[in-house]
Amino acid sequence: MRRPAETTGPGIVGTLPPAATRLRRFTAAQRWAHRTTAVLMGVCVATAACLYVPQLAQLVGRRALVVALHEWSGLALPAPVLAGLASRALRTDLGLLNRFGRHDRDWLRAVLRRDPRPGARPAGKFNAGQKIYASWLAGSTLVMLGTGLLMWFTHLTPLVWRTSATFVHDWLALTMGVVIAGHVGMALADPEARRGMRTGAVSREWAEREHALWRP
């Protein structure tokens, strides 16, 4: 069926504009929460490296300041997401991240088989890998916060608790650093995904290829 003509000016007749080529993926509140969390996490990782790597500790110095930055950035880490809960879009996305379906199992099987075809990796707004990463990072952040408080307020707990908390905190921090580095590496390999987080919109072609089950 032909599109009806549309008058665009005196004596000028044109056609209706084509469908939008970009889709809204994230709101301003969602992007703010992501960026602020990323900054706080970056401060935590950087200060942790300065505290535990002797070469960095000598280079930076001012250990008391580094410790204070590490402690307060860690305490503030949940704040952006908690503040972002005022956004309906963010609450909706948290629900999507917390829900696994049959297509997520298909996505994981395709990854394990190293099947690169987009059709073999069905995904909604978020794929199974993003859901696992978000769930793991949220749980790890809470564990890091709890163990960090036990290490901070040493007079409130017995020695065995503080020793155990230090062990868990240190090794989980190392694991988080590796996983976050992988997350950053995957983001660098997908310019359109980064553009979506930066501007809030993605191309329709990218969405149909990478997130075929997503219905904006």
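Conventions adopted
Residues numbered from 1 in each chain as written. Predicted model: local features only at pLDDT ≥ 70, side-chain atom pairs only at ≥ 80, totals over all residues. Heavy atoms only, no water. Helix = DSSP H or I, 4+ residues; strand = E, 2+ residues; numbered from the N terminus. Buried < 20%, exposed > 50% of the residue type's maximum accessible area, 1.4 Å probe, protein only. Areas by Shrake-Rupley, 256 points an atom, 1.4 Å probe, with all protein chains shown as cover. Lys, Arg positive; Asp, Glu negative; His and termini not counted. Charge placed at Lys NZ, Arg CZ, Asp CG, Glu CD. Salt bridge = Lys/Arg side-chain N within 4 Å of Asp/Glu carboxyl O. Phe/Tyr/Trp six-rings, centres within 6.5 Å; stacked < 30°, edge-to-face > 60°. Patch = residues over 30% accessible without salt bridge, like charges linked within 9 Å, V, L, I, M, F, W, Y side chains within 5 Å. pLDDT = per-residue confidence, 0-100. Contact = heavy atoms within 4.5 Å. Axes fitted to C-alpha atoms, helices over the stretch in contact; angles between N-to-C directions. Parallel < 35°, antiparallel > 145°, perpendicular 65-115°, else oblique. Nonpolar A, V, L, I, M, F, W, Y, C, P; charged D, E, K, R; others polar.

A word on the overall build of the chain. Helices and strands together make up the secondary structure of the chain, namely 10 helices and 4 strands. Its helices and strands in sequence order give the chain the pattern β-β-β-α-α-α-α-α-α-α-α-α-β-α, from N to C terminus. With respect to the three principal axes, the spread of C-alpha positions in the chain is 80 × 45 × 35 Å. Across the 216 residues that make up the chain, the buried fraction comes to 29%. With an accessible surface of roughly 14,200 Å², the chain has 67% of that area assigned to carbon and sulfur atoms. Positive and negative side-chain charges of the chain, numbering 28 and 12 respectively, have mean locations separated by a distance of 3 Å.

Scanning the model with the defined rule gives 8 salt bridges in all. One salt bridge connects Glu192 with Arg22, and the closest N-O pair in it is separated by 3.2 Å. Here Arg22 lies in strand S3 (residues 22–24) and Glu192 lies in helix H9 (residues 191–199), a separation of 170 residues in the sequence. You can call Arg22 partly exposed: its relative accessible area is 36%. Residue Arg209 pairs with Glu205 through a salt bridge whose shortest N-O separation is 2.5 Å. Of this pair, Arg209 and Glu205 both sit in helix H10 (residues 204–210), 4 residues apart, which is roughly one turn of the helix. A single salt-bridge network, built from bridges that share partners, covers Arg22, Glu192 and Arg195.

Further remarks concern the packing of aromatic side chains. What the rule picks out here adds up to 3 aromatic pairs. Judged by centre distance (5.6 Å) and plane angle (90°), the ring pair of Trp72 and Trp152 falls under edge-to-face. In this pair, Trp72 is assigned in helix H3 (residues 63–76) and Trp152 in helix H7 (residues 128–152), connecting sequence segments 80 residues apart. The class for Trp72 is exposed, based on a relative accessible area of 54%. For the ring pair Trp152 and Phe153, a centre distance of 5.2 Å and an interplane angle of 20° mean the geometry is stacked. Residue classification places Trp152 among the partly exposed residues on the basis of a relative accessible area of 28%.

Now for a nonpolar patch on the surface. On the surface, Val143, Phe167, Val168, Trp171, Leu174 and Val178 cluster together into a nonpolar patch covering about 610 Å² of accessible area. As for its placement among the helices and strands, Val168 is situated in helix H8 (residues 159–188).

This paragraph deals with the confidence of the model for the chain. Residues with a pLDDT of 70 or more make up 91% of the chain, whose mean pLDDT is 88. Here strand S1 (residues 5–9) stands out as the least confident element of the chain, with mean pLDDT 42; strand S4 (residues 201–203) is the most confident, with 95. Here residues 1–19 is modelled with pLDDT under 50, and outside its nearest four sequence neighbours on either side it reaches 14 contacts, counting other chains as well.

Time to look at the packing of helix H1 (residues 28–52) against H9. Contact pair H1 / H9: the axes reach a minimum separation of 8 Å and the direction vectors enclose 110°. Put simply, H1 runs roughly perpendicular to H9. For the pair H1 and H9, the contacting residues are Arg31, His34 and Arg35 in the first and Gly196, Met197, Arg198 and Thr199 in the second. Partitioned by chemical class, the residues of the contact of H1 with H9 number 1 nonpolar, 3 polar and 3 charged.

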